[in-house]
Amino acid sequence: MAELTPAAVLSQEQAALLRIVCTVAWADGECSTAERELLAEQVATHLHGDSPSGLGEAQLEAFLAERLPVAGLDALVAQLSGSDARQLALKLSYMMVRVGRRSPAEPSINAQERVAYRHLVELLALGDGKIEEIEWAAEADLPRKEGLAQLLAELTAGWRSPDDGRGPA
């Protein structure tokens, strides 16, 4: 049985990456259930390799509770040391703004999150080709929902399973 630790220890760069994604998620004044679930899923995958001793729910909520202003992105991006970290920040932030839609009538990315995301894109300075590649990869990693399945997913806000037909994860 795996040994559980009370709290995962993040490096300064990992903490900055998590704060960047949280800042973008909160840009519109709310962090939806879908955004929280996606964030937890992506943190487990990218920061702890699905380890059961990864970032706990309370620790993740503490990061979300910070609600940093979009202007704080400047200092956070400065803490990312390499191209891989910058690319991951862009990918996770893009995924976050894509799932943050409040209703089907709203654009796929709301105005406030679009402003935060655009500011992040400028700070990361990755180049247009690389940005398009990362956004395409992020789209491919987002759960696919169409028609009735999309409506049900938005109503339950917990639909995160790959199309396995068994319902919410």
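Residues numbered from 1 in each chain as written. Predicted model: local features only at pLDDT ≥ 70, side-chain atom pairs only at ≥ 80, totals over all residues. Heavy atoms only, no water.

### Description of the pattern of salt bridges
Using the criterion set out here, one finds four salt bridges in the structure. As a salt-bridge pair, Arg98 and Glu139 come within 2.4 Å of each other at their nearest N and O atoms. Residue Arg98 is located in helix H5 (residues 83–99), and its partner Glu139 is located in helix H7 (residues 128–141); the two are separated by 41 residues in the primary sequence. According to the relative accessible area criterion, Arg98 is partly exposed, its value standing at 23%. Taking the shortest distance from any N to any O, the salt bridge between Glu135 and Arg118 comes out at 4.0 Å. One end of the pair, Glu135, is in helix H7; the other, Arg118, is in helix H6 (residues 111–124), and 17 residues separate them in sequence. (Salt bridge = Lys/Arg side-chain N within 4 Å of Asp/Glu carboxyl O. Helix = DSSP H or I, 4+ residues; strand = E, 2+ residues; numbered from the N terminus. Buried < 20%, exposed > 50% of the residue type's maximum accessible area, 1.4 Å probe, protein only.)

### Considerations on the packing of helix H1 (residues 12–25) against helix H3 (residues 57–65)
Contact geometry of H1 with H3 gives a least axis separation of 9 Å together with a crossing angle of 60°. In terms of axis orientation, H1 runs oblique to H3. You can see that H1 and H3 cross each other, and the crossing is right-handed. Each of Ala15, Leu18, Arg19 and Cys22 in H1 lies in contact with H3, whose residues at this interface are Leu60, Phe63 and Leu64. Here the contact of H1 with H3 is composed, by residue class, of six nonpolar, no polar and one charged. (Axes fitted to C-alpha atoms, helices over the stretch in contact; angles between N-to-C directions. Parallel < 35°, antiparallel > 145°, perpendicular 65-115°, else oblique. Left-handed = near helix turned anticlockwise from the far one by under 90°. Contact = heavy atoms within 4.5 Å. Nonpolar A, V, L, I, M, F, W, Y, C, P; charged D, E, K, R; others polar.)

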